[in-house]
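# Residue-level structure breakdown
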Amino acid sequence: MDFLTNLAQGFQIGLLPINLLYCFIGVLLGTLIGVLPGIGPSATIALLLPTTFRISPVSAIIMLAGIYYGAQYGGSTTSILVNIPGEAASVVTCLDGYQMARKGRAGPALGISAFGSFIAGTLSVLGLMVLAVPLSAIALKFGFPEYFAIMCLGLSIVSYLGRGSFFKSLLMAAIGVSISFIGMDIVVGKPRFDFGLLVLGDGVGLIPLLMGLFGIAEVFSNLEQKNQTRDIFQTKIQGLLPNLKDWKDSWGAILRGSVLGFFLGILPGGGAVVASFLSYAVERKVSKHPERLGTGVIEGVAGPESANNSATGGAFIPLFVLGIPSNVAMAMLLGALMIHGLQPGPLLIRDHPEIFWGTVASMYIGNVMLLVLNLPLIGLWVKLLKVPYKILFPMILLFCMIGAYSMNNNPADMLVMLFFGVLGYLLRKFGYELAPLVLAFILGPQMEQAFRQSLIMSDGNPLVFFTRPISAGAMGLAAFLLVSAFIPAWKNRRKRIDGGTP
Amino acid sequence: MERYDRWLSFIWMALGLGQCFESWRLGLGSVSEPESGFMPFVLGLGIIALSVILWVESFISRKRMHAQKTSAWADVHWRRIIWVSLLLLGYALLLPKLGYLLATFLLLVFLLKSGEPMKWPVCLLIGLLTSGLTYWLFGVWLSVPFPRGFLSF
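First, a word on what this report is: a plain description of the structure on this page. The structure presented is a predicted model; accordingly, all values stated were derived computationally and were not measured.

Conventions used here
- Per chain, residue numbering runs from 1 following the sequence as it is written.
- Numbering of ligands from 1 and lettering of chains from A proceed in the order in which they are written.
- Totals for whole chains, interfaces and linings use all residues, but because this is a predicted model, local features are given only for residues with pLDDT of at least 70 and pairs of side-chain atoms are given and counted only at 80 or more.
- Derived side-chain values reflect all non-hydrogen atoms in the structure, with water molecules and hydrogen atoms excluded from consideration.
- By the criteria applied, helices consist of DSSP H or I runs no shorter than four residues and strands consist of E runs no shorter than two, each listed in order from the N terminus.
- Relative accessibility under 20% of the residue-type maximum defines a buried residue, over 50% an exposed one, and the middle range a partly exposed one, all with a 1.4 Å probe and only protein chains included.
- In what follows, a contact means two residues having at least one pair of non-hydrogen atoms within 4.5 Å.
- Note that accessible areas follow from Shrake-Rupley with a 1.4 Å probe, and for residues the cover is restricted to the protein chains shown.
- Stacked, edge-to-face and tilted labels apply to pairs of Phe, Tyr and Trp rings (six-membered ring for Trp) whose centres lie within 6.5 Å, assigned for plane angles under 30 degrees, over 60, and everything in between, in that order.
- Placement of a charge over a ring requires the Lys NZ or Arg CZ to be within 6 Å of the ring centre, with the centre-to-atom vector within 35 degrees of the ring normal.
- Fitted lines through C-alpha atoms serve as axes, helices being fitted only where they are in contact, and the angles separating the N-to-C directions of these axes extend from 0 to 180 degrees.
- Convention used here: angles under 35 degrees read as roughly parallel, angles over 145 as roughly antiparallel, angles from 65 to 115 as roughly perpendicular, and any remaining angle as oblique.
- Note on convention: near helix rotated counterclockwise from far helix by under a right angle means a left-handed crossing. Clockwise means right-handed.
- Charged residues are taken to be Asp, Glu, Lys and Arg, nonpolar residues to be Ala, Val, Leu, Ile, Met, Phe, Trp, Tyr, Cys and Pro, and polar residues to be all remaining types, Gly included.
- The term salt bridge refers to a pairing of a side-chain nitrogen on Lys or Arg with a carboxyl oxygen on Asp or Glu at a separation within 4 Å.
- What a helix is expected to span follows from its residue count: subtract one and scale by 1.5 Å.
- By the criterion applied in these results, polar contacts are pairs of N or O atoms within 3.5 Å in which, for protein atoms, one can donate a hydrogen and the other can accept it, and in which residues neighboring in sequence qualify only through two side-chain atoms.

### As for the overall build of chain B
The helix and strand inventory of chain B stands at six helices and zero strands. When its helices and strands are written in sequence order, chain B yields α-α-α-α-α-α. The 153 residues of chain B split such that 44% are buried. Residue pairs at least 24 apart in sequence account for 57% of intrachain contacts in chain B once pairs closer than 6 positions are excluded. In the form shown here, chain B has an accessible surface area of approximately 8800 Å², with 71% of it arising from carbon and sulfur atoms.

Right, dumping it as structure tokens:
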């Protein structure tokens, strides 16, 4: 009964005109950046974070969450029509989606992608709603050692599932935590690692770091390439509603993708990208004609598109239940909640139910908005693809500069952002993953507090992390991942996963 | 790439050593009462260990990487990236002196000219419209106090 009362309260919040407006802005922007290759949801959330300072926390989270799940809808459009994925999670959609477009079936491909996304998105919100509350009740029993161990495990999984060398990713996580040490020691209020620089006195700001690593660095990566032209497949898009045969072929793929995506979304580092690839692999496995996948069959679009949307709902579980983000976009939402004075974690659902239930309700509403937006407006999205990057990139850079400045109205923050932009670009070029760095930077202060408090409460016994069942399990799994990176057979298995991840 | 990886591993090692030294200077405390430098010190040791692993890994992966002829650094439009970085640096430094509108207008015009060829009137028009619109959006609507500069706007 509580459940229905809470959901009704959530809808009361989500249906407020102001929240409907922010939800609409979020999903619209999400679709827009999903359509446009060269800017992702993480960069967009970072860009728009400063605009949420003056609005209520629930409206801010509704809008930023809308950008995140909206981007998964938009990403498929470019995959199908241009063979360029708008988002990494839509890479696999190119395989069958573009082939369908070439056969004159762009309409059903876009249609099933939107309907599959809607069904999966709705199912994953249902899963989030059902699982988050009981899990948060369990999480309330966690102590400092459990939190520290789970954060270590989260960072290990993110590093393990990252591209390239596991040790490079792990190093990035270590650097991320180290950057979080800059500024005031939260326990004793002592300045450290600020090198006497005033701008570092309060530590490195979240916004300059995020915008630098994901906004500026992304623009630099795009600018380094010689001029590119996008060839939009010239076809008349008609018959967006899939026919009965299309539905018969797709429904299984949609359900499988939804379940797979939801659970992979919960895993740190898993998320939409891995979900879409694994869903495609599953479809190939269960298909009676696996050889047809890749030639333009509808289940090759329905499965991955459902999986990547479902993963977005799952990704909210660790954020709301433990206060631990599972990917960069969730890390930004965590940052947004913290900027608004809220501490994500099990207490959030208990103490601020309006945030959790308002966001959940808005996700139902947002999914309906996305379905309405995507089908009739596909023509408009295609036109948007023609906006040249030479006009787009100065705008992105300007928004980054304004965003960094508006944090403290201090031009020095723009210099910090520029530093991280150049650093992020170079690290990418050298094959280093940025996601572990950002996640570790955000988790750093909590990790340090949990680490120090655990040692204090155990009177300096480091075995405290290995004697309590949950922390021992998490530390054991983290240690296993570390050791497995040295074992050739496991290393090869990891490479196979990596090979499927763009 | 393995050559860069080797050099980078030295940089990471130096960073780890620096972190350990600074942490030690801050004060480590004891295991039962860790102070400000304790966890940074432990992490510094971790960075040193990882840099050693990456250094060793650069030798192991040498053979594999040797076969990969195309470099990630080939065909990079360096001049454009450096120019854009300098423009952003100049913007951050000159914003308080020039004020938001003038500095943003200049930044946009030069950024637009730094991409593919674009006619001056188009650049000037986009620069003018965007700086005005963003000033209205952020400065007026969202009340961000932008610096006014020597021209007082």
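### Concerning the packing of aromatic side chains
Here a ring pair, both rings aromatic, is described through the centre-centre distance and the interplanar angle of the planes. This structure, assessed with the given rule, holds 29 aromatic pairs over all chains. Arranged with centres 5.1 Å apart and planes meeting at 40°, the rings of Phe148 of chain A and Phe451 of chain A form a pair that is tilted. Note that Phe148 of chain A is positioned in helix H7 (residues 144-161) and Phe451 of chain A in helix H19 (residues 435-457), a separation of 303 residues in sequence. Across the pair, exposure class does not vary: Phe148 of chain A and Phe451 of chain A are buried alike. Here a set of aromatic residues connected by ring pairs shows up, and it is made of Tyr68, Phe316, Phe320, Phe356 and Trp357 of chain A. Over the aromatic face of Tyr432 of chain A sits the side chain of Lys168 of chain A, whose NZ or CZ is 4.9 Å from the ring centroid. Sitting over the ring of Phe59 of chain B, Arg6 of chain B keeps its end group 4.1 Å from the ring centre.

### Focus: the packing of helix H1 (residues 2-14) of chain A against helix H15 (residues 353-374) of chain A
Residues and elements named next belong to chain A. With their axes 7 Å apart at the nearest point, H1 and H15 run at an angle of 70° to one another. One element, H1, and the other, H15, form an angle in the roughly perpendicular class. Across the interface between the two elements, Phe3, Asn6, Leu7, Gln9, Gly10, Phe11, Ile13 and Gly14 of H1 pack against Glu354, Trp357, Gly358, Val360, Ala361, Tyr364 and Ile365 of H15.

### Details of the packing of helix H10 (residues 244-266) of chain A against helix H12 (residues 299-322) of chain A
Residue and element names in this part refer to chain A. Where H10 contacts H12, the axes come no closer than 6 Å and their chain directions differ by 30°. Considering their axes alone, H10 and H12 lie roughly parallel with respect to each other. Crossing angle aside, the handedness with which H10 passes H12 is right-handed. Residues Asp249, Ser250, Ala253, Ile254, Gly257, Ser258, Gly261, Phe262, Gly265 and Ile266 of H10 form the contact with H12, whose participating residues are Glu299, Ala302, Gly303, Ser306, Ala307, Ser310, Ala311, Gly313, Gly314, Ala315, Ile317 and Pro318. In terms of residue class, the contact of H10 with H12 is built from ten nonpolar, ten polar and two charged.

### Brief notes about the pattern of salt bridges
All names here are of chain A. In this structure the tally under the stated criterion is twelve salt bridges over all chains. Between Asp185 and Arg452 there is a salt bridge; the shortest N-O distance is 3.1 Å. Placement of Asp185 in the loop between strand S1 (183-184) and strand S2 (191-192) and of Arg452 in helix H19 is noted, with a sequence separation of 267 residues between them. Each member of the pair, Asp185 as well as Arg452, carries the same accessibility label: buried. We note a salt bridge from Arg256 to Glu283, for which the minimum N-O separation is 2.9 Å. Taken together, the positions of Arg256 in helix H10 and Glu283 in helix H11 (residues 271-286) put the pair 27 residues apart, joining distant regions of the chain. Under the relative-accessibility criterion, Glu283 is labelled buried at 2%.

### Focus: helix H2 (residues 17-35) of chain A
Between its terminal C-alpha atoms H2 of chain A stretches 27 Å, which fits the 27 Å expected from 19 residues at 1.5 Å a residue. Packed against the buried residues of H2 of chain A are H1, helix H3 (41-48), helix H4 (57-82), H15 and helix H16 (378-384) of chain A.

### Quick word on helix H5 (residues 93-102) of chain A
All names here are of chain A. Counting buried positions along H5 yields seven of ten residues, so the element is predominantly enclosed. All buried positions along H5 are accounted for by Thr93, Cys94, Asp96, Gly97, Tyr98, Met100 and Ala101. Lining the buried residues of H5 we find H4, helix H6 (106-139), H11 and H12. Once H5 finishes, Gly104 follows within two positions and takes phi at roughly 85°, a positive value.

### Topic: the interface of chain A and chain B
Every contact between the two is made by 61 residues of chain A and, on the other side, 62 residues of chain B. Linking chain A with chain B are one salt bridge, by the criterion used here. Here Asp5 of chain B ties to Lys168 of chain A by a salt bridge, and the two come within 3.1 Å at their closest N and O atoms. The interface formed by chain A and chain B contains nine residue pairs in polar contact (both at pLDDT 80 or more). For the side of chain A that touches chain B, the elements supplying multiple residues, two or more each, are helix H8 (166-181), S2, helix H9 (206-223), helix H17 (389-408), helix H18 (412-429) and H19 of chain A.

Purely geometric stuff here, so don't read any function into it on its own.
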